[in-house]
Amino acid sequence: MKLLVTGGAGFIGSAVVRHIIGNTGDSVVNLDKLTYAGNLESLVKESGSNRYTFEQVDICDRAELERVFETHQPDAVMHLAAESHVDRSIDGPAAFIETNIVGTYTLLEVARHYWNGLAGDRKGAFRFHHISTDEVYGDLEGPEDLFTEQTSYAPSSPYSASKASSDHLVRAWYRTYGLPVLVTNCSNNYGPYHFPEKLIPLMILNALEGKPLPVYGKGDQVRDWLYVDDHARALYKVVTEGVIGETYNIGGHNEKQNIEVVHTLCDLLTELAPAGRNYRDLITHVADRPGHDLRYAIDASKIQRELGWTPDETFESGIRKTVQWYLGNLDWCRRVQDGSYQRERLGVSE
Ligand SMILES: NC(=O)c1ccc[n+]([C@@H]2O[C@H](COP(=O)([O-])OP(=O)(O)OC[C@H]3O[C@@H](n4cnc5c(N)ncnc54)[C@H](O)[C@@H]3O)[C@@H](O)[C@H]2O)c1
């Protein structure tokens with residue numbers, strides 16, 4: 001199979017590319033605009049494979065998308081390209097509307113025309129897999145509730161509203177045009193190659209530098225954490241074995257308050273990178289994010305029952321691996337933090 005992966009230079013997309021190149025015989029075309037979140041240094045090994053190709057393309061650019069489909073003739077699309085950071089969506093929603101909504105629409109249209117032009121088995125086997133988030137469901141009320149595939153959409157932030165909108169477009173392209181789509185909604189991911197603006201890498205790197213660890217409000221927001229490689233395996237299962245038109249929720253059964261996550265990180269760093277200080281002393285509470293959802297938690301029983309997927313990592317094993325990865329890859333982090341990962345690909349000397 002040849003898979004067109006959009007956003008393959010991002011955090012989850014690069015894990016998907018590493019999974020496909022490392023564990024299957026399939027080929028990947030990584031289509032990515034390389035915004036600030038795209039980093040080809042997450043794919044150094046894979047870029048040497050003859051089953052890997054990179055195309056620097058914006059999903060809003062219809063002519064370029066048509067060229068990529070025409071040139072590479074993919075068997076399936078895994079659509080991960082998005083603006084993904086909630087805080088950035090509050091400061092500047094325009095890019096979220098453009099990429100997440102208009103970009104997904106443009107990709108759907110190009111995929112539809114391409115799929116219409118396929119014949120026989122290739123047409124029957126084609127899939128358009130849209131990768132989305134549990135944030136489209138909004139807040140959970142009681143401690144027992146879980147998001148199921150039937151939960152109504154109630155997004156709270158410009159980010160989650162733009163992702164909800166893209167999910168609706170994908171389903172409409174299935175209902176209206178018969179495009180063979182699959183949708184997945186996943187909980188918070190963590191793991192290697194996560195951009196240092198997100199909670200877990202930010203806390204690890206700030207702690208190592210002795211900087212404050214800023215926690216929103218009381219830190220009592222609950223998220224359901226999934227190790228990124230478990231997500232990548234789930235996505236490959238869905239695109240290869242999922243039922244057309246279906247939605248699958250993906251989650252790790254790991255509900256944790258943000259403050260618990262930060263405490264765990266501090267304690268792991270005390271063990272793995274002792275610096276004669278109690279890292280917990282660096283925690284500072286800052287004003288809460290507007291519209292901050294209190295609790296997300298996923299019921300992932302459908303994908304477990306129907307496709308036989310379960311996560312390999314517990315939160316305890318995954319978070320330990322993650323801290324170890326950051327400690328062993330501080331150079332990757334430094335190059336993101338000082339911007340050299342972007343300057344060098346633009347040919348700008350340091
Ligand atoms: N991170 C999570 O916890 C999480 C959880 C569930 C779902 N998701 C979804 O998974 C997907 C990937 O998330 P992530 O955390 O890897 O995001 P990310 O921000 O790390 O990566 C996004 C990638 O998309 C690329 N991109 C952005 N705009 C583009 C455009 N216009 N054209 C082409 N490429 C573009 C970026 O360059 C980057 O490589 C997103 O759709 C997100 O909504 C993320």
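Overview of the structure. (Residues numbered from 1 in each chain as written. Predicted model: local features only at pLDDT ≥ 70, side-chain atom pairs only at ≥ 80, totals over all residues. Heavy atoms only, no water.)

### Quick notes on the pattern of salt bridges
Point 1. Inspection of every chain in the model, using the stated rule, returns 22 salt bridges.
Point 2. Salt-bridge contacts for Arg 67 lead to Glu 55; the nearest nitrogen and oxygen are separated by 2.9 Å. Of this pair, Arg 67 sits in helix 2 (residues 62–72) while Glu 55 sits in strand 3 (residues 52–56); the two residues are 12 residues apart in sequence, bridging distant segments of the chain.
Point 3. Taking relative accessible area as the criterion, Arg 67 reaches 33% and is therefore assigned partly exposed. (Salt bridge = Lys/Arg side-chain N within 4 Å of Asp/Glu carboxyl O. Helix = DSSP H or I, 4+ residues; strand = E, 2+ residues; numbered from the N terminus. Buried < 20%, exposed > 50% of the residue type's maximum accessible area, 1.4 Å probe, protein only.)

### What about the pairing of strand 8 (residues 213–216)?
Point 1. The side-chain alternation of strand 8 yields one buried face, formed by Leu 213 and Val 215, and one unburied face, formed by Pro 214 and Tyr 216.
Point 2. Relative to strand 13 (residues 283–286), strand 8 is paired through 4 bridges, and the arrangement is parallel. Following the sheet pairing, Tyr 216 is matched in strand 13 by Val 286. (Pairing = 2+ DSSP bridges.)

### Some thoughts on the packing of helix 11 (residues 315–328) against helix 12 (residues 330–337)
Point 1. Put simply, helix 11 and helix 12 touch, their axes get as near as 5 Å, and they point 75° apart. What the angle tells us is that helix 11 and helix 12 run roughly perpendicular. Across the interface between the two elements, Trp 325, Tyr 326, Leu 327 and Gly 328 of helix 11 pack against Leu 330, Trp 332 and Cys 333 of helix 12.
Point 2. The residue inventory of the contact of helix 11 with helix 12, partitioned by class, reads 6 nonpolar, 1 polar and no charged. (Axes fitted to C-alpha atoms, helices over the stretch in contact; angles between N-to-C directions. Parallel < 35°, antiparallel > 145°, perpendicular 65-115°, else oblique. Contact = heavy atoms within 4.5 Å. Nonpolar A, V, L, I, M, F, W, Y, C, P; charged D, E, K, R; others polar.)

From the geometry alone we can't say anything about function, so treat these as descriptive.
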